[in-house]
Each structure stands twice: as C-alpha cells, then as structure tokens.
Amino acid sequence: ILRSKGALHPIPYLYTLYVLYRVLTAPLRVLPDVLIVGAAKAGTTSIALYIAQHPHVLTCPWKESRIMVGMLGDGLAHRRWAYRAAFPTVFEVLYVRLRHGRWPCVFDCDPLHALHAPFLAPRLHAIVPDAHVILQLREPVARLWSQYRMIAAHAGGNPELPTSFTVEEAVA
C-alpha cells in the first residue's frame, strides 16, 4: 500500500496511475508564477489556503510539492519534468481565462524551499526564472514553541520543557 500526504491508499494502483498520468502530461502543464517559501510553522499553510480560495489562482493538488528537495537525484532535467507534473495543465489555465476573463496565477508553496535555499535558489531560478517569491517569516520564539507543540502532539504526549540545562545536555 502506497502513502501520499500521510494517508494510506486502499488501492495502490490508482495512486500509481495518478502519478503516471501527471508525469505523462507534464509537457502540457504550466510552471508557477509565484513561489511561497518560509520557515516551518511560519504560516505558509495558512497563506496557501487563503490564496488558493481566489478564483483566479491555480495550484498543485497538494500543498508541498517536495520535488526540488532531492526526490529524483541531481539531474535538473528530471526535476524539471517532475516539478512541472505537479501543476495544472494549459487546458485548466485556458478554462479559467475563458470563464473569468483574465489569466490565472499559478503558485507553489513549500517551506523546504527556504530551508534549503543555498542550493535550491539557483535550481528554482533555472526552472522558473520569472517567478515572484513570497517569503513567510515568523517571530523565532513563537515559531519554535509552535513547532515544539506539534512534535509533542505527534509523539502522543506533552513532555515537560526543561527549565534549566547545561550546555552538555543541550548538545547531547
């Protein structure tokens, strides 16, 4: 059984066919106009959901594409195909254009693009040189506290934070 977005698929072949469909139609797909990047727990999910509600906006079917972060090796050509496969087709873009009278904006939202910025920025620029970038940041202590609560919730409990510790304990 295959996993996608954390859920188990009861019929693994349907997911495989879906991925194959997206890869085979990659030449008919558009690249994003806007990239939303930011730190984890900085609000990238919220901003992506708010923007995706607009009728002139198209996005990939999942929030975080994860294509550029080492899924397919080091070849840029392979990444370009995989990255393009994550977005809407030109037919979807034309449909929005005909229905609403203006060209839609296509965007990608992935916090890992900011985390791996030193080596990802040139790769993203090579694939989507004209894309606008929205950098989502958050006050560091609030972001860290939010991430701690998320990790604690996933661990199945609410472990106590240490009130004091030594440098050796913090590094270990």
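Residues numbered from 1 in each chain as written. Predicted model: local features only at pLDDT ≥ 70, side-chain atom pairs only at ≥ 80, totals over all residues. Heavy atoms only, no water.

### Here we look at the overall build of the protein chain
Piece 1. Regarding its fold elements, the protein chain presents 8 helices and 6 strands.
Piece 2. Reading the secondary structure of the protein chain in the N-to-C direction produces β-β-α-β-α-β-α-α-β-α-α-β-α-α.
Piece 3. Considering only residue pairs separated by 6 or more positions, the protein chain has 74% of its internal contacts joining residues 24 or more positions apart. (Helix = DSSP H or I, 4+ residues; strand = E, 2+ residues; numbered from the N terminus. Contact = heavy atoms within 4.5 Å.)

### Some points on a nonpolar patch on the surface
Piece 1. On the surface, a cluster of nonpolar side chains totalling about 460 Å² of accessible area is made up of Tyr-18, Val-19, Tyr-21, Val-23 and Trp-81.
Piece 2. For the nonpolar patch, the leading source of residues is helix H1 (residues 12–24), giving 4 residues.
Piece 3. Taking the relative accessible area as the measure of exposure, Trp-81 reaches 47% and is therefore partly exposed. (Patch = residues over 30% accessible without salt bridge, like charges linked within 9 Å, V, L, I, M, F, W, Y side chains within 5 Å. Areas by Shrake-Rupley, 256 points an atom, 1.4 Å probe, with all protein chains shown as cover. Salt bridge = Lys/Arg side-chain N within 4 Å of Asp/Glu carboxyl O. Buried < 20%, exposed > 50% of the residue type's maximum accessible area, 1.4 Å probe, protein only.)

### Quick look at the packing of aromatic side chains
Describing an aromatic ring pair means giving the distance of the ring centres and the angle of the ring planes.
Piece 1. For the structure on display, the rule yields 2 aromatic pairs.
Piece 2. Both rings, one in Trp-145 and one in Tyr-148, keep their centres 5.4 Å apart while their planes meet at 25°; by these two values the pair is stacked. In this pair, Trp-145 and Tyr-148 both sit in helix H7 (residues 140–154), 3 residues apart, roughly one turn of the helix. (Phe/Tyr/Trp six-rings, centres within 6.5 Å; stacked < 30°, edge-to-face > 60°.)

### Let's talk about the nonpolar core
Piece 1. Counting 15 residues, the largest nonpolar core has Leu-35, Tyr-83, Phe-87 and Val-128 as its most contacted members.
Piece 2. Looking at this core, the elements with two or more residues in it are helix H4 (90–100) and helix H6 (117–127).
Piece 3. Look past the residues within four positions of Val-128 in its chain and what remains in contact with it is Leu-31, Pro-32 and Leu-35.
Piece 4. Ile-36, Ala-48, Val-57 and Cys-109 belong to the second largest nonpolar core, which has 6 residues in total. (Core = buried A, V, L, I, M, F, W, Y, C linked by side-chain atoms within 4.5 Å.)

### Let's talk about the sheet that holds strand E3 (residues 34–38)
Piece 1. Ordered by their spatial adjacency, 4 strands build an open sheet running E4-E5-E3-E6, and the pairing between neighbours is parallel. Each having just a single partner strand, strand E4 (57–59) and strand E6 (132–136) make up the two edges of the open sheet. Direction aside, the axes of adjacent strands within the sheet are offset by 30° on average.
Piece 2. Sheet strands touched by helix H2 (residues 44–52): E3, E4, strand E5 (105–109) and E6. Its angle to E5, the strand with the most contacts, is close to 160°. (Pairing = 2+ DSSP bridges. Axes fitted to C-alpha atoms, helices over the stretch in contact; angles between N-to-C directions.)

### Observations concerning the confidence of the model for the protein chain
Close inspection of predicted coordinates is inappropriate in any region flagged by low pLDDT.
Piece 1. Confidence in the prediction of the protein chain, expressed as mean pLDDT, is 79, and 76% of residues score 70 or more.
Piece 2. When mean pLDDT is compared element by element in the protein chain, H4 scores highest at 95, while strand E1 (residues 3–4) scores lowest at 48. (pLDDT = per-residue confidence, 0-100.)

### Some thoughts on the environment of Ala-126
Piece 1. Tracing the backbone shows Ala-126 in helix H6.
Piece 2. Ala-126 sits 46 residues away from Arg-80 along the chain, and the two C-alpha atoms are 9.3 Å apart.

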